Amino acid sequence: MTKQDNQKLKVFLVTRKADWCEDYATAVLAVDKLHTERCARCNSDNFRKGKVDVTEQNPKLSDSAKTQQEELADMIGISVDTLNNYKKTHRTGS
């Protein structure tokens, strides 16, 4: 088992100064700030160059796992199915 197997995904918000009609923020699921920045730069042309700010978000905790998934998916603007598919494809050691 490697160190990465024990790391859990966290929610990060990546922001930057933007001109008119450009992405200025994106939510990223990653294990740390370095991976978050790399992901943002790879997934959006608007984040490729320049300074970006990465902040970890602390989603509101709920009583049930289903509610937590719904809140997390809503917070980052995706469906619960998309979130579950992401988790399945990015599992290590399976």
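Reading the values: the criteria
- Residues numbered from 1 in each chain as written.
- Predicted model: local features only at pLDDT ≥ 70, side-chain atom pairs only at ≥ 80, totals over all residues.
- Heavy atoms only, no water.
- Helix = DSSP H or I, 4+ residues; strand = E, 2+ residues; numbered from the N terminus.
- Contact = heavy atoms within 4.5 Å.
- Polar contact = N/O pair within 3.5 Å; in protein donor to acceptor, adjacent residues only side chain to side chain.
- Phe/Tyr/Trp six-rings, centres within 6.5 Å; stacked < 30°, edge-to-face > 60°.
- Lys NZ or Arg CZ within 6 Å of the ring centre and 35° of its normal.
- Core = buried A, V, L, I, M, F, W, Y, C linked by side-chain atoms within 4.5 Å.
- Buried < 20%, exposed > 50% of the residue type's maximum accessible area, 1.4 Å probe, protein only.
- Salt bridge = Lys/Arg side-chain N within 4 Å of Asp/Glu carboxyl O.
- Arc of directions from axis to C-beta.

Participant: What am I meant to see in the environment of arginine 16 here?
Facilitator: Turning to its location among the elements, arginine 16 is positioned in the loop between β1 (10-15) and β2 (25-30). Setting aside chain neighbours within four positions, we find arginine 16 in contact with Glu22, Asp23, Tyr24, Asn46, Phe47, Lys51 and Val52. A polar side-chain atom of arginine 16 sits 2.7 Å from a polar atom in the side chain of glutamate 22. Among the polar contacts listed, one links the side chain of arginine 16 to the backbone oxygen of asparagine 46, at a separation of 2.7 Å.

Participant: Can you help me understand the packing of aromatic side chains in this one?
Facilitator: Each pair of aromatic rings is reported with the distance of its centres and the angle of its planes. Scanning the model with the defined rule gives 0 aromatic pairs in all. Cation over ring: arginine 16 sits above phenylalanine 47, and NZ or CZ is 5.6 Å from the ring centre.

Participant: Help me understand the nonpolar core, please; the structure alone is not making it clear to me.
Facilitator: In summary, soluble globular proteins display a tendency toward joint burial of nonpolar side chains. One finds Phe12, Val14, Val28, Ala30, Ala40, Phe47, Val52 and Val54 forming the largest nonpolar core, which totals 8 residues. Taken together, the elements giving at least two residues each to this core come down to β1 and β2. The contacts of phenylalanine 12, once residues within four sequence positions are left out, are Thr26, Ala27, Val28, Ala30, Val31, Asp32, Lys33, Thr36, Val54, Thr55, Glu56 and Gln57. Of all hydrophobic cores here, the second largest spans 6 residues; its members include Leu29, Ala73, Ile76 and Leu83.

Participant: What is the right way to read the pattern of salt bridges from this model?
Facilitator: Pairs may arise between side chains of opposite charge once their charged atoms sit close together. Here the structure, examined in full by the defined rule, presents 4 salt bridges. With a shortest N-O distance of 2.9 Å, glutamate 37 and arginine 41 are connected by a salt bridge. Of the two residues, glutamate 37 and arginine 41 are both situated in helix α2 (residues 33-43); the distance of 4 residues between them amounts to about one turn of the helix. On the basis of relative accessible area, arginine 41 is assigned to the buried category, the value being 19%. The partner of arginine 48 in a salt bridge is aspartate 45, and the shortest N-O contact between them spans 2.9 Å. When its relative accessible area of 43% is taken as the criterion, arginine 48 is described as partly exposed.

Participant: I would appreciate a short explanation of the side chain of threonine 36 in the present structure.
Facilitator: Tracing the chain through its elements places threonine 36 in helix α2. Since its relative accessible area comes to 0%, threonine 36 is described here as buried. Of the polar contacts made by the side chain of threonine 36, one reaches the backbone oxygen of aspartate 32; its length is 2.8 Å.

Participant: It is not clear to me how α2 should be interpreted in this structure. Could you clarify?
Facilitator: Structural remark: α-helix, 3.6 residues per turn; residues separated by three or four positions point the same way. Along α2, the residues that are buried comprise Thr36, Ala40 and Arg41. Buried residues of α2, seen end-on, are gathered within an arc of 125° and therefore sit on one face of the element. Of the exposed residues in α2, the ones pointing more than 90 degrees away from its buried face are Cys42 and Asn43. Measuring from the side-chain oxygen of the N-cap residue of α2 to the backbone nitrogen of leucine 34 gives 3.3 Å; that N-cap residue is aspartate 32.

By themselves, these are just geometric observations and shouldn't be taken as functional.
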